[in-house]
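Here's the letter readout for the chains.
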Amino acid sequence: MTGGTTESPPVQLDVKSAFTTVSRPRLIHNMRLRHIPEHLTRVINSFLSDRKTSIKCGDFTNDQHLCDVGIPQSSPLLGLLYLFYNAPLVDLDGDPTFTVNLDSQGHADDINIAAMGKTVEEARTKLESTTLITERWSRQSASSLDWPKPNT
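For every chain, the first residue of the written sequence is number 1, and numbering continues from 1 onward in sequence order. In keeping with the predicted nature of the model, local features appear solely for residues at pLDDT of at least 70, side-chain atom pairs appear and are counted solely at 80 or more, and the whole-chain, interface and lining totals rest on all residues. To get the side-chain values, take all heavy atoms of the structure and skip hydrogens and water.

S.K.: Even after reading the chapter, I still don't get the overall build of the protein chain, so can you show me in this structure?
M.R.: Numbering of helices and strands runs from the N terminus; a helix is a DSSP stretch of H or I covering at least four residues, while a strand is a stretch of E covering at least two. Helix and strand content of the protein chain: five helices and nine strands. Starting at the N terminus and walking to the C terminus, you meet the elements of the protein chain as β-β-α-α-β-β-β-β-α-α-β-β-α-β. Each residue gets one of three labels from its accessible area relative to the maximum for its type: buried under 20%, exposed over 50%, partly exposed in between, using a 1.4 Å probe on protein chains only. Sorting the 152 residues of the protein chain into buried and exposed places 34% on the buried side.

S.K.: What am I meant to see in the packing of aromatic side chains here?
M.R.: The geometry of an aromatic ring pair comes down to the distance between the two centres and the angle between the two planes. Any two rings among Phe, Tyr and Trp, with Trp reduced to its six-membered ring, count as a pair given centres within 6.5 Å; such a pair is stacked if its planes are under 30 degrees apart, edge-to-face if over 60, and tilted if neither. Overall, the coordinates contain two aromatic pairs when judged by the stated rule. A centroid spacing of 5.1 Å and a plane angle of 80° characterise the contact between F19 and Y82, whose relative ring orientation is edge-to-face. Pair noted here: F19 is in the loop between β2 (11-16) and α1 (24-33) and Y82 is in helix α3 (residues 78-85), with a separation of 63 residues, a long-range link. Taken individually, F19 and Y82 each receive the classification buried, so the pair is uniform in this respect.

S.K.: Could you clarify how one ought to interpret α3 in this entry?
M.R.: Count 3.6 residues to each turn of an α-helix, and residues three or four apart come out pointing the same way. Along α3, the residues classified as buried are L78, L81, Y82, F84 and Y85. End-on, the buried residues of α3 take up no more than an arc of 155°, which puts them together on one face. Comment: arc refers to directions from the helix axis out to C-beta atoms.

S.K.: What am I meant to see in the pairing of β2 here?
M.R.: The side chains of a regular strand alternate, first on one face of the sheet and then on the other. By the convention used here, strands pair only if DSSP detects at least 2 bridges between them. Examined bridge by bridge, β2 and strand β8 (residues 110-117) share four bridges and lie antiparallel to one another. The residue bridging Q12 from the neighbouring strand is N112, located in β8. The pairing of β2 with strand β9 (residues 144-146) spans three bridges and is antiparallel. Looking across to β9, one finds that V15 is bridged to L145.

S.K.: Explanation requested: the packing of α1 against α3 in the structure shown.
M.R.: Each pair of packed helices can be summarised by the angle the axes make with each other and by the distance between the axes. To obtain an axis, a line is fitted to C-alpha atoms, over the contacting stretch when the element is a helix, and the angle between two such axes runs from 0 to 180 degrees between their N-to-C directions. Direction vectors running N to C along α1 and α3 enclose 75°, while the axes themselves pass 8 Å from each other. With respect to each other, α1 and α3 are oriented roughly perpendicular. Facing α1, whose interface residues are R26, L27, N30 and M31, α3 presents L81, F84 and Y85. Residues are sorted three ways: Asp, Glu, Lys and Arg are charged, Ala, Val, Leu, Ile, Met, Phe, Trp, Tyr, Cys and Pro are nonpolar, and all the rest, Gly among them, are polar. Here the contact of α1 with α3 is built from residues that sort into five nonpolar, one polar and one charged. When an angle is under 35 degrees it counts as roughly parallel; over 145 it counts as roughly antiparallel; between 65 and 115 it counts as roughly perpendicular; any other value is oblique. A contact between two residues is defined here by any heavy atoms of the two lying within 4.5 Å.

What follows is the structure in C-alpha cells.
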C-alpha cells in the first residue's frame, strides 16, 4: 500500500500464436501512432511484405506460398516489432491507475495487468474493466488472448 492506494494481484495474459499472426498493416499503424519516423516504417513495411514460405517434411518440400502475416521468427527484430504491435494493450488507453508490465522473463507475448485503487475491491473492479479494452485490442489485432483459468 503506497500513498493510500492498493494494487490488485496481476492477471497474466498470453497471446496465442503471437508472432505468426501479426498483421503488417496494424503493426505499421501502431508504429505511426508512436511517431516512428516514416522512413523506418517504410523499411519495416517492406521487410514484412512479399514474403514466401514453404513447408519441408523429410525429403518433401511443398511449393512456396505468399506469407502476408507474422514476423519472421528468426529475425532479431521480432521482439521489438511485437512490442509495437501490442503497444495499445500495454498502454491500456493511457490510464495511470493501471500497471501493465511485460512478463519478468522478457516474453513479449506475455502481459501482466494489475489495477490500483483506494481499496482492494476498487482495484479488483478496475481490473475486471480491462476485459473490454483487451477484447477490443484482440479484435483489432486479430490476436487471441489466453485468459487465466479462475481458481475453483
